[in-house]
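# Reading the structure
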Amino acid sequence: MRSLILSDIHANLTALEAVLADAGSYDRVLCLGDVVGYGPDPDACIERIRDLPNLSCIKGNHDAAILGEIDVRAFNYEARASLVWLENALHPENRAWLGSLPESLTIENFTLAHGSPRSPIWEYVMDVATAWANFSAFETPFCLVGHTHLPGVYQQDESSPNSVYLQLIEPDRPFWVNQKAIINPGSVGQPRDHDPRAAYLIHDDADDRWDFRRVAYDVSQVQERIRAAGLPERHAQRLEGGW
Ligand code: ZN
């Protein structure tokens with residue numbers, strides 16, 4: 001079983017199409033939320049994602065905000081401006097689809113949570129202390145999270161089960177994870193690790209191999225659509241530098 005693992009697409013259809021074209025064959029798709037927010041293509045991204053074969057998708061904080069489940073005042077100015085824009089842009093059927101998504105899911109060896117397993121919508125796993133505090137909140141070998149837009153693997157230390165370390169991952173270098181771990185594939189549509197290429201993961205359970213991949217896409221096309229839509233200029237600029 002080959003799983004394509006995607007997170008934080010953020011209404012960036014060009015990045016999503018580049019990832020789908022690059023991914024090769026896969027048996028299922030695990031999507032970790034924030035399909036919308038920031039970007040100019042919310043309807044197109046939802047329609048593309050929801051038609052993928054064997055999809056499991058959870059809700060992110062931007063998805064929850066547009067459903068009225070989170071107060072938009074909890075977001076910074078630019079993120080809020082996009083949510084106001086999205087309010088008018090999003091087709092009611094696609095809003096309903098977002099509303100049907102669960103906050104977390106368990107599928108075989110994977111727990112899926114946008115932020116963290118103990119607080120799926122809001123908590124950022126950005127350091128080993130937060131990761132450590134979350135290890136008791138899932139039972140499966142792997143917990144897949146997004147939200148930070150930063151790829152990486154938090155693993156329990158084999159020799160000292162009470163400590164956790166962060167393993168950075170590199171494109172095109174397969175890796176194996178033998179301990180319980182929280183794994184973040186990075187972001188498809190708005191990477192923040194200063195690499196502007198779209199990020200995603202493939203897991204193959206035949207040999208438990210993980211492949212972290214980056215794929216370049218035409219950022220200028222997306223910037224044009226952001227500007228044409230009147231979305232904040234900052235969203236256009238950050239795509240270029242991956243911040
Ligand atoms: Zn996000």
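One can find the structure itself at the top, above this paragraph.
The rules behind the values
- Residues numbered from 1 in each chain as written.
- Predicted model: local features only at pLDDT ≥ 70, side-chain atom pairs only at ≥ 80, totals over all residues.
- Heavy atoms only, no water.
- Helix = DSSP H or I, 4+ residues; strand = E, 2+ residues; numbered from the N terminus.
- Rg over C-alpha atoms; globule rule 2.2 N^0.38 Å.
- Buried < 20%, exposed > 50% of the residue type's maximum accessible area, 1.4 Å probe, protein only.
- Areas by Shrake-Rupley, 256 points an atom, 1.4 Å probe, with all protein chains shown as cover.
- Axes fitted to C-alpha atoms, helices over the stretch in contact; angles between N-to-C directions.
- Parallel < 35°, antiparallel > 145°, perpendicular 65-115°, else oblique.
- Left-handed = near helix turned anticlockwise from the far one by under 90°.
- Contact = heavy atoms within 4.5 Å.
- Nonpolar A, V, L, I, M, F, W, Y, C, P; charged D, E, K, R; others polar.
- Pairing = 2+ DSSP bridges.
- Salt bridge = Lys/Arg side-chain N within 4 Å of Asp/Glu carboxyl O.
- Donors = N, O, S within 2.8 Å, 3.2 Å for Na, K, Ca; no water.
- Tetrahedral: all angles 85-135°; square planar, octahedral: opposite > 155°, others 65-115°.

We now examine the overall build of the protein chain. Along the backbone of the protein chain there are 8 helices and 12 strands. Against the compact-globule benchmark of 18 Å for 243 residues, the protein chain has a radius of gyration of 17 Å, which places it among compact chains. Within the protein chain, the fraction of its 243 residues that count as buried is 55%. Of the roughly 10,000 Å² of accessible surface on the protein chain, a fraction of 48% belongs to carbon and sulfur atoms.

It is worth spelling out the packing of helix 2 (residues 42-50) against helix 5 (residues 92-99) at this point. Interhelical geometry of helix 2 versus helix 5 gives an angle of 55° and a closest axis separation of 10 Å. In terms of their interaxial angle, helix 2 and helix 5 are classed as oblique. Once helix 2 is placed against helix 5, the crossing between them reads as left-handed. Between helix 2 and helix 5, the residues in contact are Asp43, Ile46, Glu47, Ile49 and Arg50 and Glu93, Asn94, Trp97 and Leu98, respectively. For the contact of helix 2 with helix 5, a count of residues per class yields 4 nonpolar, 1 polar and 4 charged.

The next subject is the pairing of strand 5 (residues 110-113). Here strand 5 shows two buried faces, one formed by Phe110 and Leu112 and the other by Thr111 and Ala113. Linking strand 4 (residues 104-107) to strand 5, which pair antiparallel, is a turn of 2 residues; within it Glu108 sits at a positive phi near 45°. Bridge count for strand 5 against strand 6 (residues 142-144) is 3 bridges, and the pairing is parallel. In the strand pairing of strand 6, Phe110 is matched with Phe142.

As for its placement among the helices and strands, Gly230 is situated in the loop between helix 7 (219-229) and helix 8 (233-241). It is 33 Å that separates the C-alpha atoms of Gly230 and Phe212, two residues lying 18 residues apart in sequence.

By the definition in use, this model includes 15 salt bridges. One network of salt bridges, in which partners are shared, links Asp193, Asp195, Arg197 and Arg214.

Attention shifts here to the coordination of the zinc ion. Protein-derived ligands of the zinc ion are Asp8 (OD), His10 (NE2), Asp34 (OD) and His149 (NE2), with the metal-ligand distances lying across 2.1 to 2.6 Å. In this structure, the zinc ion is surrounded by 4 donor atoms whose angles at the metal cover 87 to 176°, and the resulting shape is irregular. Donor residues binding the zinc ion come from one chain and are separated in sequence as D-x1-H-x23-D-x114-H. On the criterion of sequence distance, the pair formed by His10 in the loop between strand 1 (2-6) and helix 1 (13-22) and Asp34 in the loop between strand 2 (28-31) and helix 2 is long-range, its members being 24 residues apart.

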